[in-house]
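Residues per chain, in single letters:
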Amino acid sequence: MNKYDVCVVGLGYIGLPTALLFARSGKKVIGCDVSVDVVRNVNNCESGKNEPNLNELLIENIKNGNLKADTKPDFADIYIIAVPTPFKEGRQPDMTYVQLAFEAVLPYIRKGSAVVLESTSPVGSTEKYICEPLMEKGFKPGEDVYVAYSPERVLPGNILHELVHNNRILGGISEQSCLYIRDYYKLFVEGDVELTDARTAEMCKLTENAYRDVNIAFANEMAKMCKAAGINAWEVQKLCNKHPRVNILSPGPGVGGHCIAVDPWFLVSQFPDQTRMIETGREINDSMPSFAVEQIKEILPLEGNKKISVLGITYKPDVDDTRESPVLKIVELLKDQGYDVSIHDPLVARGKFGNTDLKECLEGSDMLLLGVNHKDFKNLDLQKVHSILRSKIIFDTRNFFNRTDAVKSGFAYYLLGCGRQT
Ligand code: SAJ
């Protein structure tokens, strides 16, 4: 009998919640991470993440001994690999973490072990990075070691709930692999576990995120057209979506995060001749920060010293994650142009990126730029904001404020993707 039931390699955004859900189901789980700090924090019951219920679950499962963190794997029945797959130069996927993770696991693999790759990966990765090393050690993957690819599909900010309730794809490299590994996921997944092969599952994960990226790019392109036409993109979105078969997503300052801004490039690099639309979508979304800055320059030309107060710098609302945030890109571009820029984000640590409190951020400023529509900003007292700002201008990249309220409070109110003051 193995010392542990489950070994999760990588205790990040996905690995830690996954380890905790196995632990909650009563399994003995070891979670590994190369970072000594992460391991120490997890063992000290500190997740360092702002995810609903995560800390409570961590405390419970460290205290009852179902989860232990370490820098090295150990003998376990099943290994789950959930390490990052960023891209490297030339937007090529960087599979180094996956390779290193499986190298660390390989000495513990025995006949009857199971291995699941969860990291977003190019098509064929499970065969290349898991099956091939297993075969080199004399195993028969799919027969004496069960192997599968099973991507997470969870939304940051709601990770635990979605890990349990979303449907899950499980792509085995053999039918036995599918059936054996499904029983493990069924310990906590209440959605359907859809069985397929590993290559199909790999393609599904990349396609899902590319689909969303292209759809957001459509909304952003629409915003550019509306701006050029002198009309309001958000009104067009609202009215078009009254059609029973139209559902246009929201334009915005661009696409951030570690998934949608990255994963489509995996497809473009692997299938350069078949991904015209996906590549163009990526480029459109990447162009949105400069589109926003061009609009800002029209509204607030840089004559003399102009200060802009940016509210919200995370990659999307109600998360503390700033990775690939398009709002930070806007900040950078504005500073390059010569604007004085201040930042306030209640979800980001004070001081990080120059994050200040609200009053300091707004004082002496010529524009409130709403970068991210955090729920917290619903409580903003616009009249108070009005009394602090030097020039009474709002530029809203998310259609967050109520136009009537803003105008009533005395602001000139501008929306991204809107060719006039609304
Ligand atoms: N965004 C818009 N307009 C919209 C919707 C989103 O501009 O109408 C922007 C957001 O502000 C953000 C970015 O897109 O900057 C991405 O946000 P998101 O909420 O669409 O997605 P993520 O990156 O937080 O999570 C995605 C999800 N994938 C899909 O919805 C297909 C999630 O289910 C995946 O698990 C996750 O990527 C992942 O880990 O791959």
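Data block above holds the structure.
Throughout, residues of each chain are indexed from 1 in the direction in which the sequence is written. Per-residue local features are limited, in this predicted model, to residues with pLDDT of at least 70; the limit for side-chain atom pairs, both in listing and counting, is 80 or more; totals at the level of whole chains, interfaces and linings are taken over all residues. Side-chain measures here rest on the full set of heavy atoms in the structure, leaving out hydrogens and waters.

(A) Quick peek at the site of the ligand. Here a residue counts as near a molecule or strand whenever at least one of its heavy atoms sits within 4 Å of it. Residues in close proximity to the ligand total 21 residues, the closest being Val154, Lys205, Asn209, Arg212 and Tyr315. Asparagine 209 places a polar side-chain atom, nitrogen or oxygen, 2.7 Å from an oxygen atom of the ligand. Between arginine 398 and the ligand, the recorded distance is 2.9 Å, taken from a side-chain N or O atom to an oxygen atom. Computed by Shrake-Rupley with a 1.4 Å probe, the accessible areas treat only the displayed protein chains as cover when residues are assessed. A total of 770 Å² of accessible area belongs to the ligand in isolation, and the protein chains cover 88% of it. Polar contact criterion, stated in full: a pair of N or O atoms within 3.5 Å, where within protein one must be able to donate a hydrogen and the other to accept it, and residues adjacent in sequence count only if both atoms are side-chain atoms.

(B) Molecular detail of the sheet that holds strand 10 (residues 193-197). Spatially, 3-2-1-4-7-8-9-10 is the arrangement adopted by the 8 strands of the open sheet, whose pairing is mixed. Of all strands in the sheet, those bounded by a partner on one side alone are strand 3 (67-70) and strand 10. In this sheet, neighbouring strand axes are inclined to one another by 25 degrees on average, regardless of whether the strands run parallel or antiparallel. DSSP-based pairing: two strands are paired if at least 2 bridges between them are found. Only DSSP runs of H or I covering at least 4 residues are called helices, and only runs of E covering at least 2 are called strands; the numbering of each starts at the N terminus. Relative to strand 7 (residues 114-117), strand 4 (residues 76-81) runs parallel, the two sharing 4 bridges. Residue pairing across strands places isoleucine 81 opposite leucine 117, the latter belonging to strand 7. Angles run from 0 to 180 degrees between N-to-C directions of axes, and those axes are lines fitted to C-alpha atoms, restricted for helices to the stretch in contact.

(C) The arrangement of the sheet that holds strand 11 (residues 307-311) in detail. If you walk across this open sheet you meet the 5 strands as 12-11-13-14-15, and the pairing is parallel. What marks the edges here is a single partner per strand, and that holds for strand 12 (340-344) and strand 15 (412-415). With strand direction ignored, the average angle separating the axes of adjacent strands in the sheet is 20 degrees. Relative to strand 15, strand 14 (residues 393-396) runs parallel, the two being bridged by 4 bridges. Residue phenylalanine 395 lies in a different strand from strand 15, and its bridge partner there is tyrosine 414. Where helix 12 (residues 326-337) meets the sheet, it contacts strand 11, strand 12 and strand 13 (367-370), and its direction lies at approximately 155 degrees from that of strand 12. Note on contacts: a residue pair is in contact if any heavy atoms of the two residues lie within 4.5 Å.

(D) Seen up close, the nonpolar core. Within the largest apolar cluster, 38 residues are counted, with the highest numbers of intra-cluster contacts made by Leu67, Ile181 and Tyr185. The element that contributes the greatest number of residues to this core is helix 1 (residues 15-24), accounting for 6 residues. What we call a nonpolar core is a set of buried Ala, Val, Leu, Ile, Met, Phe, Trp, Tyr and Cys residues that are connected through their side-chain atoms within 4.5 Å. A simple rule labels every residue: compare its accessible area, found with a 1.4 Å probe on the protein chains alone, to the largest value its type can have, and call it buried under 20%, exposed over 50%, or partly exposed in between. With 30 residues, the next largest nonpolar core counts Leu117, Cys131, Tyr149 and Ala201 among its residues.

(E) A look at the pattern of salt bridges. Within this document, salt bridges are pairs made up of a side-chain nitrogen of Lys or Arg and a carboxyl oxygen of Asp or Glu, the two lying within 4 Å of each other. Evaluation of the coordinates by the stated rule reveals 16 salt bridges. Glutamate 332 serves as the salt-bridge partner of lysine 329, at 3.5 Å between the closest nitrogen and oxygen. With lysine 329 and glutamate 332 both in helix 12, this residue pair falls 3 residues apart, about one helical turn. Accessibility expressed as a relative area gives 42% for glutamate 332, which makes it partly exposed. One salt bridge in this structure joins arginine 390 and aspartate 366, with 2.8 Å as the shortest N-O distance. Of this pair, arginine 390 sits in the loop between helix 14 (382-388) and strand 14 while aspartate 366 sits in the loop between helix 13 (358-362) and strand 13, and the two are 24 residues apart along the sequence. Under the relative-accessibility criterion, arginine 390 is labelled partly exposed at 46%. With relative accessibility at 2%, the residue aspartate 366 sits in the buried group. Residues participating in the shared-partner salt-bridge network are Asp213, Arg282 and Asp286.

Nothing here speaks to function; it is all geometry.
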